[in-house]
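Below are the chains, spelled out letter by letter.
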2 protein chains.
Amino acid sequence: MKKDMVTHCQNCPLRGQSQFKSLPEEQLDFLRRFKAGEIKVEPGAQLLLQGSNSPQLFTALEGLGVRYKTLEDGRRQVINFVLPGDFVGLQAGVMKEMQHSVEASTAMTLCVFNRADLWSLFKAQPAIAFDLTWLAAIEESFLGEALAIVGQAPAETRIVWGLLRFHDRCRMAGLGDARGVPFPYRQQDLADALGLSLVHTNKTLQALRQRQILSLQDKRLRMLDLSRAKAMLDADLQQPAAPRPLI
Amino acid sequence: MKKDMVTHCQNCPLRGQSQFKSLPEEQLDFLRRFKAGEIKVEPGAQLLLQGSNSPQLFTALEGLGVRYKTLEDGRRQVINFVLPGDFVGLQAGVMKEMQHSVEASTAMTLCVFNRADLWSLFKAQPAIAFDLTWLAAIEESFLGEALAIVGQAPAETRIVWGLLRFHDRCRMAGLGDARGVPFPYRQQDLADALGLSLVHTNKTLQALRQRQILSLQDKRLRMLDLSRAKAMLDADLQQPAAPRPLI
DNA sequence: CGTCATGTTGAAGTACGTCAATGGGGGTGG
DNA sequence: CCACCCCCATTGACGTACTTCAACATGACG
């Protein structure tokens, strides 16, 4: 009963979420045909590899992942965390090759698309093509914000920003409960995302725990004092929460 | 003779550059109609304002500019420098509003497009729409690289990276001569781009000058030893120079 | 001729990095 | 069931690459 194991776009549980804009029937129908299949991967699986030219693009349905760049000397830069609803592989889709890798941090389920079909999408579905560009612009916007934080903010602010952004994104994706949101990442991953050393990340986290700003244990993140956390960030960095496209 | 002052897309001097892919006649024709006009601005002019929803999008034709985010406390993050051929305002085009500002650093000439026409572009010209997405992906890729440098590299590497990237981009745009490429920016701008203080940027620049890696004076940048400069960077960060779209 | 913007340089402080050691949990094999 | 190991979190000590403060130089401009 394989077909029962594949989520139909019409029934996609993500589709109903308020963070995503709703689509007319015709476009949903196109997406259903555009969708080449579904895969489930284990934690640690490489979805896309820096420098490669993947024939497949993905939208995360379940589970959490991470995008990162590897430098020659082994240092890493985590670009972003991957949540359900995120589209990954656009670089492979339109450019020569991926400039970063994508890895599953937990078990993940992903929607699979064929890179080769992308052109037909632009020809037949300008509205979805527009949405794809929208997604790219959102990603660019996020990276600009990350650059500003990493470039200008001290360690404490960086950590609060990183965890708060992740927390809010999880909430919008309907993840987590009273015990907080899932956080399957290591402190090393957080450090690599924020341009900090592991040791300093750990010590700053301790300070934030002691001040009751947040709790982070058992792979769960809990923002204990949202108002104080947000007050530590620049008001300019608060993004409006307009519904975004889901491809 | 106003119409003589406006460059026709067919005769656009940028179009012939090898850095840009060539377009079929029909698409060029569309772009000519898509183009709403041209403007010339003075140094210091604000082209796009963070938080605003500009009705106009631009492609730089001549001159140099800068994209930046302003933080509450007055700190700035320079996102990127704007060169001829760069498309600016995509965020305003597809999202609610710009997340950064764009300012002219020298006198500039820009191609003007109406945001309202963007949708017709997607409907009528899927190939150009694809190119637009391509541009967004390039920008995302650049920001990922910048994030990795600012997050992981020491001051000297950051400066070499920033100036080398700018230098190479200028060269591809046909700017500069034996005396080097134009560099109308202040050291403060460079510092704000790389997440360094002005003082430290200055001292690191001095060290690089003394080691004959580069020269920077009279608003001119010259890479005196390209091979040594490139050797200071991660090989992973060398981007392939495939022809990119020009909108 | 003053004022302003930018570049330069020295001195002092500090936020951060590196090094190193410890401890706990979870798996695996004897 | 214990022994061992590996991964990750934690903590202290120490070094340093950076920031901040401050002063001065230079050229452009009115």
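Here is what the cut-offs are and how they apply
Residues numbered from 1 in each chain as written. Chains lettered and ligands numbered in written order. Predicted model: local features only at pLDDT ≥ 70, side-chain atom pairs only at ≥ 80, totals over all residues. Heavy atoms only, no water. Least-squares fit on C-alpha atoms with pLDDT ≥ 70 in both. Contact = heavy atoms within 4.5 Å. Helix = DSSP H or I, 4+ residues; strand = E, 2+ residues; numbered from the N terminus. Polar contact = N/O pair within 3.5 Å; in protein donor to acceptor, adjacent residues only side chain to side chain. Salt bridge = Lys/Arg side-chain N within 4 Å of Asp/Glu carboxyl O. Buried < 20%, exposed > 50% of the residue type's maximum accessible area, 1.4 Å probe, protein only. UniProt positions renumbered as here; feature names shortened; annotations may be inferred. Phe/Tyr/Trp six-rings, centres within 6.5 Å; stacked < 30°, edge-to-face > 60°. Lys NZ or Arg CZ within 6 Å of the ring centre and 35° of its normal. Axes fitted to C-alpha atoms, helices over the stretch in contact; angles between N-to-C directions. Parallel < 35°, antiparallel > 145°, perpendicular 65-115°, else oblique. Nonpolar A, V, L, I, M, F, W, Y, C, P; charged D, E, K, R; others polar. Pairing = 2+ DSSP bridges. Expected span 1.5 Å × (residues − 1). Arc of directions from axis to C-beta.

One copy of the chain maps onto the other through a rotation about an axis plus a displacement along that axis. Overlaying chain B on chain A yields an RMSD of 0.0 Å, the required transformation being a rotation through 180° with an accompanying axial translation of 0.0 Å. In short, the pair behaves as if placed about a two-fold rotation axis. Taken together, the interface assignments show that 98% of the residues at the interface of chain B recur at the interface of chain A, consistent with an identical surface on both copies.

This part covers the side chain of B:His167. Residues and elements named next belong to chain B. Within the secondary structure layout, His167 lies in helix α6 (residues 155-172). Side-chain polar atoms of His167 contact the side chain of Asp168, separated by 3.2 Å. If we ignore the near neighbours within four places in the chain, the residues touching His167 are Val181, Leu221, Met223 and Leu226.

Residue and element names in this part refer to chain A. The final tally for this structure, using the stated rule, is 26 salt bridges over all chains. Taking the shortest distance from any N to any O, the salt bridge between Asp86 and Arg244 comes out at 3.5 Å. Of this pair, Asp86 sits in the loop between β5 (76-82) and β6 (87-88) while Arg244 sits in the segment after α9 (226-231), and the two are 158 residues apart along the sequence. Of the two residues, Asp86 and Arg244, neither departs from the other in class, the shared state being buried. Here Arg165 makes a salt bridge to Glu145, at a shortest N to O gap of 2.9 Å. You can see Arg165 sitting in helix α6 (residues 155-172) and its partner Glu145 sitting in helix α5 (residues 126-152), a full 20 residues away along the chain. Residue classification places Arg165 among the buried residues on the basis of a relative accessible area of 15%. A relative accessible area of 2% means that Glu145 is categorised as buried. In the salt-bridge network here, residues are joined through shared partners; they are Arg76, Arg186, Asp189 and Asp192.

The UniProt record marks residues 153-227 of chain A with the feature "domain: HTH crp-type" (unreviewed entry), using the residue numbering of this structure. The span residues 153-227 of chain A is 55% helical and 13% strand by assignment, and the distance between its end C-alpha atoms comes to 19 Å.

This part covers the packing of aromatic side chains. Residues and elements named next belong to chain A. Within this structure, the stated rule accounts for 24 aromatic pairs over all chains. An angle of 90° between the planes, with centres 5.3 Å apart, marks the rings of Phe166 and Phe183 as edge-to-face. Remark: Phe183 occurs in the loop between β9 (181-182) and α7 (187-194) and Phe166 occurs in helix α6; sequence separation between them is 17 residues. No difference in accessibility class separates Phe166 from Phe183, as the two residues are buried. Across the ring face of Tyr68, the terminal group of Arg76 is positioned such that the distance to the ring centre comes to 5.3 Å.

Residues and elements named next belong to chain B. Here the phi dihedral of Asp218 falls at roughly 55°; this positive angle occurs in a residue that is not glycine. Tracing the backbone through its elements, the reader meets Asp218 in the loop between β10 (214-217) and β11 (220-223). Positive phi outside glycine occurs at Lys219, with the angle close to 60°. Look at Lys219 and you get exposed, because its relative accessible area is 54%.

With that out of the way, let us pick up the packing of α6(B) against helix α8 (residues 198-210) of chain B. Residue and element names in this part refer to chain B. Following both chains from N to C, one finds α6 and α8 inclined at 75°, their axes separated by 10 Å at the closest point. Between α6 and α8, the interaxial angle falls into the category roughly perpendicular. Within the contact between the two elements, α6 uses Ala155, Glu156, Ile159, Val160 and Leu163 and α8 uses His200, Thr201, Thr204, Leu205 and Leu208. Residue composition of the contact of α6 with α8, by class: six nonpolar, three polar and one charged.

Residue and element names in this part refer to chain A. An order of β9-β11-β10 is seen for the three strands of this open sheet, with the pairing classed as antiparallel. Of all strands in the sheet, those with a lone pairing partner are β9 and β10 (214-217), marking the two edges. Bridge count for β10 against strand β11 (residues 220-223) is four bridges, and the pairing is antiparallel. Residue Leu214 lies in a different strand from β11, and its bridge partner there is Met223.

The next subject is helix α8 (residues 198-210) of chain A. All names here are of chain A. Taking 1.5 Å of rise per residue, the 13 residues of α8 would be expected to cover 18 Å, and the 18 Å separating its terminal C-alpha atoms lies within 8% of that figure. When we look at burial in α8, the residues that qualify are Thr201, Thr204, Leu205 and Leu208. Burial along α8 is one-sided: seen end-on, the buried residues are contained in an arc of 105°. Turned more than 90 degrees off the buried face of α8, the exposed positions are Val199, Lys203 and Gln210. The inward-facing, buried residues of α8 abut α6, α7 and β10.

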